[in-house]
Amino acid sequence: MKALAAALAALVSAPAAAGDGVQGAGRAAGAVLERAGGARVAGVGEAFTAVAGDVASVAWNHAGLGPRETAGAVTTYEALPFGMRASAVALALPGASGVAGAAVTLLDYGRFDARTAAGDPARSGNLSDVAAALAWAGRAPEWLGGAGWTGATLEGVSEAAGRSWLAASAGVLVPLST
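Only a predicted model underlies this, so the values are computations on that prediction, with no experimental measurement involved.

Undergrad: I tried to follow the overall build of the protein chain on my own but got confused; where do I start?
TA: Regarding its fold elements, the protein chain presents three helices and eight strands. The buried share among the 178 residues of the protein chain stands at 38%. Considering only contacts in the protein chain between residues 6 or more positions apart, those separated by 24 or more positions represent 48%.

Spelled out as structure tokens, the structure:
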């Protein structure tokens with residue numbers, strides 16, 4: 001029964017801004033979105049959309065914030081190869097009508113030195129992607145049966161490659177057993 005609940009939750013709610021990104025020869029988009037969450041997200045193989053009540057739900061399944069009864073925060077830092085770093089912070093704050101959440105994720109690609117065709121130094125700097133999300137979750141309305149939670153997220157992403165986007169999503173988390 002739990003597997004069925006996990007499958008249903010994965011179908012009705014997806015991460016906010018376009019999933020795993022676009023992959024292809026010479027390009028990758030949305031890599032910053034794969035870094036949100038923390039050890040628990042990684043520990044379940046990123047199958048996190050069916051998890052309820054965890055602060056990291058802000059980035060993975062906004063409706064999962066619904067059952068949260070206390071304020072909380074999660075932060076992560078990863079030192080990656082080649083001087084790259086990833087860090088994230090997520091917050092959840094329950095209120096009278098639901099749970100508000102916010103998250104920021106940064107993927108820093110490290111320092112680079114650009115050179116001219118002749119090999120002379122041209123410029124140097126850092127490249128990074130950033131994603132920020134605002135979420136809300138509350139009890140499912142009666143027209144959805146009143147069981148479980150609904151949620152919505154607004155997420156913005158800015159990539160070092162110059163692309164930016166804004167996405168909105170909504171989802172439902174329905175318990176199939178108690």
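Undergrad: I keep staring at the sheet that holds strand 4 (residues 85-94) and nothing clicks. Help me out?
TA: Hydrogen bonding along the main chain pairs the strands of a sheet, whether they run parallel or antiparallel. Here six strands make up an open sheet; going across it, the order is 3-4-5-6-7-8 and the pairing antiparallel. Strands with a single pairing partner mark the edges of an open sheet, and in this sheet they are strand 3 (72-79) and strand 8 (164-173). Sheet twist, expressed as the average angle between the axes of neighbouring strands with direction ignored, equals 10°.

Undergrad: When you look at the nonpolar core in this model, what are you seeing that I'm missing?
TA: Most often, soluble globular proteins keep nonpolar side chains buried together rather than apart. Grouped together as the largest cluster of nonpolar side chains are 10 residues: V55, V58, L65, A90, A92, V99, A103, A133, A135 and A137. It is strand 6 (residues 121-139) that provides the largest number of residues to this core, a total of three residues. If we skip the residues at most four places from it in the chain, A135 touches V58, H62, L65, V99, A100, G101, A152 and T153.

Undergrad: For this particular structure, what's the right way to read the pattern of salt bridges?
TA: Opposite charge on two side chains permits them to pair, given that their charged atoms come into close proximity. Enumeration over the complete set of coordinates arrives at two salt bridges. Note that R85 and D108 form a salt bridge whose closest N and O atoms lie 2.3 Å from each other. Here D108 lies in strand 5 (residues 99-115) and R85 lies in strand 4, a separation of 23 residues in the sequence. Overall, the relative accessible area of 37% leaves R85 in the partly exposed class. Since its relative accessible area comes to 6%, D108 is described here as buried.

Undergrad: It is not clear to me how unusual backbone geometry should be interpreted in this structure. Could you clarify?
TA: In terms of backbone geometry, most residues other than glycine have negative phi values and most peptide bonds are trans. With a phi angle near 60°, F82 is a residue other than glycine that sits in the positive phi range. Checked against the element boundaries, F82 lands in the loop between strand 3 and strand 4.

Undergrad: Is there a simple way to think about the pairing of strand 6 in this case?
TA: Looking along a regular strand, one sees the side chains alternate between the two faces of the sheet. Judged from the 16 bridges that link them, strand 5 and strand 6 form a sheet pairing that is antiparallel. Within strand 6, the position partnered with R115 by the bridge is P121. The turn joining strand 5 and strand 6, which pair antiparallel and follow one another in sequence, is formed by five residues; a positive phi near 95° is taken by G119. Strand direction decides the pairing type here: strand 6 and strand 7 (residues 149-158), joined by 10 bridges, are antiparallel. Each residue of the ladder has a partner; that of L134, found in strand 7, is L154.

Parameters at a glance
All residue numbers refer to positions counted from 1 along the written sequence of the respective chain. Selection of residues for local features in this predicted model requires a pLDDT of at least 70, selection of side-chain atom pairs for listing and counting requires 80 or more, and totals for whole chains, interfaces and linings are taken over all residues. Heavy atoms from the whole structure form the basis of all side-chain values; hydrogens and water molecules are not counted. Helix and strand assignments come from DSSP, with helices taken as H or I runs of at least 4 residues and strands as E runs of at least 2, each series counted from the N terminus. Residue burial is assigned from relative accessible area. The probe radius is 1.4 Å, only protein chains are included, and a residue is buried under 20% of its type maximum, exposed over 50%, and partly exposed in between. Any pair of residues with heavy atoms lying within 4.5 Å of one another is described as a contacting pair. If DSSP finds at least two bridges between two strands, the strands pair. Lines fitted to C-alpha atoms define the axes here, with helix axes fitted over just the stretch in contact, and angles between the N-to-C directions of these axes take values from 0 to 180 degrees. Put simply, a nonpolar core is a bunch of buried Ala, Val, Leu, Ile, Met, Phe, Trp, Tyr and Cys residues held in one set by side-chain atoms that sit within 4.5 Å of each other. One speaks of a salt bridge when a side-chain nitrogen belonging to Lys or Arg is within 4 Å of a carboxyl oxygen belonging to Asp or Glu.

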